[in-house]
Amino acid sequence: MTSSTVTSSQSPRPPRPNLAFRQLRGQRSPGEFAAAVRRSAREIGERVSCDARYVGRVEAGEIRCPNYAYERVFLHMFPGRTLADLGFAPRSSVRGRGARETGDTPPVAHPALPAPGTTETPGAYEPYDTPDTQDPYETHDNYEESDVLRRAFMRGGATVAAVSLGPLGLTYEASAADRSVRRVGAGEAGALEEAVRRIRLLDDRHGADGLYRRAAAPLRAAYELLDAGAVRQTTADRLHAGAGELAISVGWLAHDSGRFDDARSHYAEALATARVSGDAALEAHAFCNTAFLARDAGRPREAVRAAQAAQRVARPLGSPRLMSLLALREAGGWAGLADRAGCEQALARAQSLYERGRSEADPEWMSFYGEAELEGLEAQCWSTLGDWPRAARHARRAAHLQNPHFTRNIALYTAELTDDLARGGHPDEAAAAGMRVLDLLDEVQSSRIQTMLAATARVLLPHRRASGVSAFLERHASVPRTA
């Protein structure tokens, strides 16, 4: 079955040069600026394939709004500026309006354009890629959040009336089910992958509580796409991987919002999907999250076993950073078992693997894993073992190192610091750190962080007379609890 062509009644408008972005480049060549972008990406744990051609396309106005990975990098490079300040259009206005095949179709050639304000012609730009060949870290103007793909993602077995991606999460409305059998293509796979990225971005900024229930409908649709079948095997593989990653993302939203049984079910679903499709990377990710959940749910031995299983699966993938994170998951389990020696060995292995640096084999979902997360997870281990000064030292460093984009993680690390200080006999410092967490709760909705703060408040009650403690307790008591 061939894919239908979606046409538009409006002719495509010519791109408008992005002069603001060109000005920010200054005297650097497009190649030099691209290298600076890649360096900035590494600083915050992102991975982008930026080169002179990409810079040229941005400056020429062909990329009206960057994808989420590039957005994080640009905002890190130019702190205090918004995407609008950088010359980009609002994301909500960037929709795919031109005629385009959404299935497995050949790429459409795109004309070469020089970078504005330079004499350099970066050569023929690469064609608009179909989703099967598209660079996952690069999104073209007529692909990013396109109406075609958003409809396609939700269409597997149902006719979609409305799909929107609001500032705090996914909303989904569907009309009566359309049970006609159809074969899905690369467009649906691409939309599914973009939905996973969007959920992760929103979770990084706002926490899980406002997202979990709204992410359930896309997950159901993802598995309907699997049932419908794909045109090509490569697309089928992407659909399996995308559905599994979405199950993990939704499972994490349940995990972070305290719905442990739901999280366990979603992680098991992802693990089954990985086993069916023979996807070792997805299987390692599912085991990784299962280990984390088991630790949080008070099943430390299961956490150790799941982390060790993840390491066995992940070892041939060739990513030291992934192996480092999995060693940290194992360390958390050993800490829960009060096995200090086992924990220290796993922590040492995690540090050694981390120091090997990044690799092309690092999974996309690991963008959160940098030095701050390494410090934060080690802090949790020492806290579990009751070594409060050591835990506080690592938690403080984690909060300091965390990129501002990851608001939820900053709140999490600071909440960990608050508890470590309170239990370590520093109530005044704990109260000050707790106030910083409360400030962040205006942006972050996380039952996990609220639960941590509630436990800390109980520890601080006997120290109400200490400097700042009474003010913290009163303000904490006034914070609405997440349902």
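Residues numbered from 1 in each chain as written. Predicted model: local features only at pLDDT ≥ 70, side-chain atom pairs only at ≥ 80, totals over all residues. Heavy atoms only, no water.

Asks: Account for the overall build of the protein chain, naming residues and giving values.
Replies: Within the protein chain, the regular secondary structure consists of 19 helices and 4 strands. Counting over 483 residues, the protein chain shows a buried share of 57%. Carbon together with sulfur atoms contributes 52% to the accessible area of the protein chain, which is approximately 20700 Å² in total. (Helix = DSSP H or I, 4+ residues; strand = E, 2+ residues; numbered from the N terminus. Buried < 20%, exposed > 50% of the residue type's maximum accessible area, 1.4 Å probe, protein only. Areas by Shrake-Rupley, 256 points an atom, 1.4 Å probe, with all protein chains shown as cover.)

Asks: Account for the pattern of salt bridges, naming residues and giving values.
Replies: Here the structure, examined in full by the defined rule, presents 17 salt bridges. Among the ionic pairs, D256 bridges to R408, the shortest N-O distance being 3.7 Å. In this pair, D256 sits in helix α8 (residues 233-256) while R408 sits in helix α16 (residues 407-423), placing the two residues 152 residues apart along the sequence. One exposure class covers both D256 and R408, and it is buried. Connected through shared salt-bridge partners, D256, R408 and R448 make up one network. (Salt bridge = Lys/Arg side-chain N within 4 Å of Asp/Glu carboxyl O.)

Asks: Any chance you could break down the packing of aromatic side chains for me, citing the residues and the numbers?
Replies: Across all of its chains, the model carries 10 aromatic pairs by this definition. Centroid distance W252 to F292: 5.9 Å. Interplanar angle 10 degrees. Geometry classified as stacked. You can see W252 sitting in helix α8 and its partner F292 sitting in helix α10 (residues 280-296), a full 40 residues away along the chain. Using a relative accessible area of 7% as the deciding quantity, one classes F292 as buried. (Phe/Tyr/Trp six-rings, centres within 6.5 Å; stacked < 30°, edge-to-face > 60°.)

Asks: Which residues make up α8, and what values do they have?
Replies: For α8, spanning 24 residues, the distance from its first C-alpha to its last is 34 Å, which sits close to the expected 34 Å at 1.5 Å a residue. Most of α8 is tucked away: 19 of the 24 residues are buried. Immediately beyond the C-terminal end of α8, within one or two residues, lies G258, with a positive phi of roughly 85 degrees. (Expected span 1.5 Å × (residues − 1).)

Asks: How would you sum up the side chain of T418? Please name residues and give values.
Replies: Relative to the helices and strands, T418 resides in helix α16. Within the structure, the side chain of T418 is placed 2.8 Å from the backbone oxygen of T414, a separation counted as a polar contact. Excluding its chain neighbours within four sequence positions, the residues that come into contact with T418 are A430, A433, G434, V437 and T456. (Polar contact = N/O pair within 3.5 Å; in protein donor to acceptor, adjacent residues only side chain to side chain. Contact = heavy atoms within 4.5 Å.)

Asks: Help me get a handle on the confidence of the model for the protein chain, residues and values and all.
Replies: Mean pLDDT over the protein chain works out to 75, with 71% of the residues at or above the 70 mark. Here residues 1-12 is a poorly scored stretch, pLDDT under 50, and it has 18 contacts once near neighbours within four places are set aside; other chains count. Counting contacts from residues 95-181, a segment whose pLDDT is below 50, to residues more than four positions away or on other chains yields 214 contacts. (pLDDT = per-residue confidence, 0-100.)

Asks: Can you break down the nonpolar core residue by residue, with the values?
Replies: Of all hydrophobic cores here, the largest spans 55 residues; its most connected members are L325, L326, L328, C343, L347, W365 and Y369. Looking at this core, the elements with two or more residues in it are α7 (216-228), α8, α9 (260-277), α10, α11 (300-314), α12 (320-336), α13 (340-354) and α14 (371-384). Considering every element that reaches this core, the biggest residue donor is α12, with 9 residues. Leave out the neighbours within four places in its chain, and L328 touches L347, A350, Y369, L374 and L377. (Core = buried A, V, L, I, M, F, W, Y, C linked by side-chain atoms within 4.5 Å.)

Asks: Kindly report on unusual backbone geometry, identifying the contributing residues and their values.
Replies: With the exception of glycine, most residues fall at negative phi, and the peptide bonds are largely trans. The backbone of A338 shows a phi angle near 60 degrees, a positive value even though the residue is not glycine. Residue placement: A338 occurs in the loop between α12 and α13.

Asks: Describe in detail the packing of α8 against α9, supporting the description with residues and values.
Replies: In the contact formed by α8 and α9, the axes pass within 8 Å of each other and the chain directions differ by 165 degrees. Taken together, the axis directions place α8 and α9 in an arrangement best described as roughly antiparallel. For the crossing formed where α8 meets α9, the hand is left-handed. Contacts from H240, G244, A247, I248, V250, G251, W252, A254 and H255 in α8 reach F260, D262, A263, H266, Y267, E269, A270, T273, V276 and S277 in α9. Taken together, the residues of the contact of α8 with α9 sort by class into 10 nonpolar, 7 polar and 2 charged. (Axes fitted to C-alpha atoms, helices over the stretch in contact; angles between N-to-C directions. Parallel < 35°, antiparallel > 145°, perpendicular 65-115°, else oblique. Left-handed = near helix turned anticlockwise from the far one by under 90°. Nonpolar A, V, L, I, M, F, W, Y, C, P; charged D, E, K, R; others polar.)

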